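# Summary of the model geometry
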Amino acid sequence: MSPVDPHSFTDSSEPFSTHIALNLFLDFSSSTIIGSALILLPTSYSGNLTLDSRALSISAVVDPDSLSPLPFAISSSADPIKGSPITITLSSHSSVLIVFSTSPSSSALQWLSPAQTSSGSHPFVYTQCQSIHARSVFPCQDTPAARIRYSARINLPLPLSAVMSASKLARRDPIAGEASPGVPDSLWCSKDRIVECFSMDQPIPPYLFALAAGEISGRDLGPRTRVYAEGGSELLDAAAREFHGVEEMVRVGEALFGPYDWERFDVLVLPPSFPYGGMENPRMVFLTPTVIKGDATGAQVVIHELAHSWTGNLITNKTNEDFWLNEGFTTYAERRIVEVVQGKDRADLNIGIGWRGLNDEIERFKDNMEFTKLKAKQEGVDPDDVYSQVPYEKGFQFLWRIERQIGRPAFDEFLKKYIATFKFQSIDTETFLEFLKATLPGIENQINLQIWIEGTGIPPDAMEPESAIYTKLLSLAQEFKLGKMPSEDEVADWNGQQWELYLENLPNSVEASQVAALDARYRLSESHDWEVKVAFLKLAISAGCKEYFGEVERSLKQVGRMKYLRPLYTSLVEGQAKEEEKMLAKRIFAEAREFYHPIARGVVESIFSKHIC
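None of these values were measured; they are calculated from a predicted model.

### Description of the side chain of Gln-378
Tracing the chain through its elements places Gln-378 in the loop between helix H6 (344-364) and helix H7 (390-406). The exposure class of Gln-378 is buried, given its relative accessible area of 7%. For Gln-378, the side chain forms a polar contact with the side chain of Asn-320, separated by 3.4 Å. Residues within four places of Gln-378 in sequence aside, it is in contact with Pro-6, His-7, Asn-320, Glu-321, Phe-371, Pro-383 and Val-386.

### Remarks on the sheet that holds strand E14 (residues 225-230)
If you trace the 5 strands from one edge of the open sheet to the other, you get E13-E14-E15-E17-E16, paired in mixed fashion. If you trace the sheet from one side to the other, it starts and ends with strand E13 (216-222) and strand E16 (278-279), each paired once. Alignment of E14 against strand E15 (residues 266-269), held across 3 bridges, turns out to be parallel. Paired with Val-227 across the bridge in E15 is Val-267. This element, helix H4 (residues 299-307), spans E16 and strand E17 (284-287) of the sheet and lies at about 145° to E17.

### Thoughts on helix H3 (residues 246-257)
For H3, which comprises 12 residues, the first-to-last C-alpha distance of 16 Å matches the rise-based estimate of 16 Å (1.5 Å per residue) to within 8%. For H3, the complete set of buried residues consists of Val-246, Glu-247, Met-249, Val-250, Val-252, Gly-253, Leu-256 and Phe-257. Buried residues in H3 make contact with E13, E14, H4, helix H5 (324-341) and helix H8 (408-422). Directly beyond the C-terminal end of H3, a positive phi value near 110° is found at Gly-258.

### Looking at the packing of helix H16 (residues 530-542) against helix H18 (residues 562-573)
Taken N-terminus to C-terminus, the directions of H16 and H18 make an angle of 10°; their axes are 9 Å apart at the nearest point. Classified by the angle between their axes, H16 and H18 sit roughly parallel to one another. In this structure, H16 contributes Trp-530, Glu-531, Val-534, Leu-537, Lys-538, Ile-541 and Ser-542 to the contact, and H18 contributes Lys-563, Tyr-564, Pro-567, Leu-568, Ser-571 and Leu-572.

### Looking at the UniProt feature "binding site: a peptide" (unreviewed entry) in the protein
Sites flagged by UniProt as "binding site: a peptide" (unreviewed entry) map to Gln-128, Cys-129, Gln-130, Pro-275, Tyr-276, Gly-277, Gly-278, Met-279, Glu-280, Arg-561, Met-562 and Lys-563. Secondary-structure assignment places Pro-275 in the loop between E15 and E16. In this structure Pro-275 comes out as buried when scored by relative accessible area, which is 1%. Here Arg-561 lies in the loop between helix H17 (549-558) and H18. Beyond its immediate stretch of four places on either side in the chain, Arg-561 contacts Pro-272, Phe-274, Pro-275, Tyr-276, Gly-277, Thr-288, Thr-290, Val-291, Val-301 and Glu-531. Of the polar contacts made by the side chain of Arg-561, one reaches the side chain of Glu-531; its length is 3.4 Å.

### Side note on the nonpolar core
Phe-243, Tyr-418, Phe-432, Tyr-502 and Tyr-569 are the most contacted members of the largest nonpolar core, which has 191 residues in total. At 9 residues, the largest contribution of residues to this core is made by H16. Beyond its immediate sequence surroundings of up to four residues, Tyr-569 is in contact with Leu-556, Ala-585, Ile-588, Phe-589, Tyr-596, Val-604, Ile-607 and Phe-608. Within the second largest apolar cluster, 6 residues are counted, among which are Phe-25, Ala-179, Val-183 and Trp-188.

### Regarding the environment of Val-603
Position of Val-603 among the secondary structure elements: in helix H20 (residues 598-611). As for Val-603 and Pro-144, which are separated by 459 residues in sequence, their C-alpha atoms are 22 Å apart. In this structure, Val-603 is in contact with Asp-384, Met-562 and Arg-566, ignoring residues within four places of it in sequence.

### Describing the pattern of salt bridges
According to the stated counting rule, one finds 42 salt bridges in the structure shown. Here Glu-254 and Arg-224 are joined by a salt bridge, their closest N and O atoms 3.0 Å apart. Of this pair, Glu-254 sits in helix H3 while Arg-224 sits in the loop between E13 and E14; the two residues are 30 residues apart in sequence, bridging distant segments of the chain. By relative accessible area, Glu-254 is classed as partly exposed at 25%. Taking the relative accessible area as the measure of exposure, Arg-224 reaches 18% and is therefore buried. Residue Lys-293 is joined to Asp-529 by a salt bridge in which the shortest nitrogen-to-oxygen separation is 3.4 Å. Residue Lys-293 is located in the loop between E17 and H4, and its partner Asp-529 is located in the loop between helix H15 (512-522) and H16; the two are separated by 236 residues in the primary sequence. For Lys-293, a relative accessible area of 23% puts it in the partly exposed group. Asp-529 sits in the buried class, given a relative accessible area of 10%. Salt bridges sharing partners connect three or more residues here, namely Lys-472, Glu-479, Lys-484 and Glu-490.

Reading guide: rules and limits
Residues numbered from 1 in each chain as written. Predicted model: local features only at pLDDT ≥ 70, side-chain atom pairs only at ≥ 80, totals over all residues. Heavy atoms only, no water. Helix = DSSP H or I, 4+ residues; strand = E, 2+ residues; numbered from the N terminus. Buried < 20%, exposed > 50% of the residue type's maximum accessible area, 1.4 Å probe, protein only. Polar contact = N/O pair within 3.5 Å; in protein donor to acceptor, adjacent residues only side chain to side chain. Contact = heavy atoms within 4.5 Å. Pairing = 2+ DSSP bridges. Axes fitted to C-alpha atoms, helices over the stretch in contact; angles between N-to-C directions. Expected span 1.5 Å × (residues − 1). Parallel < 35°, antiparallel > 145°, perpendicular 65-115°, else oblique. UniProt positions renumbered as here; feature names shortened; annotations may be inferred. Core = buried A, V, L, I, M, F, W, Y, C linked by side-chain atoms within 4.5 Å. Salt bridge = Lys/Arg side-chain N within 4 Å of Asp/Glu carboxyl O.

Here's what the structure looks like:
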């Protein structure tokens, strides 16, 4: 084999599929999907075709025209990271039909009972396929190197509805025979079922496949933007207020980076177990409800996901080792949109928060500095285990360094040319560097590209942001170490980001009495802004303020966003002589485990394996 990706069984000598047609029967009673995948190839092909799968049950592989069986084999032993390869033997075939079902333990799918949803009335299911989890929903070449178009018929119970990272074509009654042989008519056409049809006509990496189904309502925000939510009218109202400026953001993005090529930019607010802040699925961004803060600042996450429409979705990293091409570019693009929409001070604050986060990640990986490189070797490594801010913030710093070298007008011209050149392609770091040097001759003599890409830690020509607000916040954080709390006048106009930056720059060695006094004055532990609440609770744990353990427990049981789970669980279990905290963390996780998405469960278990014997 000649693999194209350390996280996939896809073989470079075999053709990439061009289109996948899916029939998916959502069985909420068994937490499984029963379905079929019609995989189309660019031309007739003879030989082995290797697909990725994880915890899928394959019941048949057939010629889609004759329905005659095709030889196939599935590895008897699953790779703990990549899953199990499916090897199909083709003879002058340009397509193959696979009948399969998912497992209740699918790493991409979370099935929620009515009691686990905001409405409490109906069940809910959603996918999270990044980084390598699409293979647990349907068999595919699960690497961003292999871009696909797809269509889907989703069969679900009334009165539920579905959304996808695709254009919705129809909602209609099931038709006998349309899902055969994958799903028998007795199931497909059973009473009180409905079929919704979708099509994604632009090629995307498999990790951008997205599906959610449940009690979902929506409201238009603009001519090509709409917000959806699970949880009824109250949450939908709050989401619509928070994201009312999305249409303007799309227009700003187009002015900066070129045409918006995905037709629509809709967003879905998911249940609180969603493990990320947002997921940039084209046409249907998924969001955590924690971004709804009541003051429109939650649009920050939306801006990041919007920026992915150009950098990440339009141009995609070829493998997860090149992840910075997605996230570094998107973090840069996000801050350019923020600068226009919300002002330079807000953009500078974002850079400051990112700078602090980058330094924290360098400390996190101090025993394995490979993962502080922009392009890190990940053979044998689960990308979820090493997910960090490094590709985001070090990638941003690299692009910011180039901008400072050549000036913003020249960098803007470079960025638009880069996007136009590689749109709807997946590229690696080497391709980017070749383009950089060809477009900006001599840049390698002005910036040490090797240190930025292959070097560990933070390069010497990276730059901490400079702004009056940022400098003042750091100064106040330094004064807190000496026992001086910020006055009410000093914090009167602070928003959540300013509090977050202030708290993140306080030392973990502060006295418990100082932490309690700060909270007594400003009620940070009760903040509705989760960034502020978690930053404070992390500080309280580090300072040994056990009176906040109850709030820590409530928080860990309320949300499943990994940005919050990782620091809180880590603060509870790392270090010596913390048996009480470790016991607390284990009990909380045991009680909250089923609430978390499978990806989040794996992250917490990884933290425990490192810090709890």
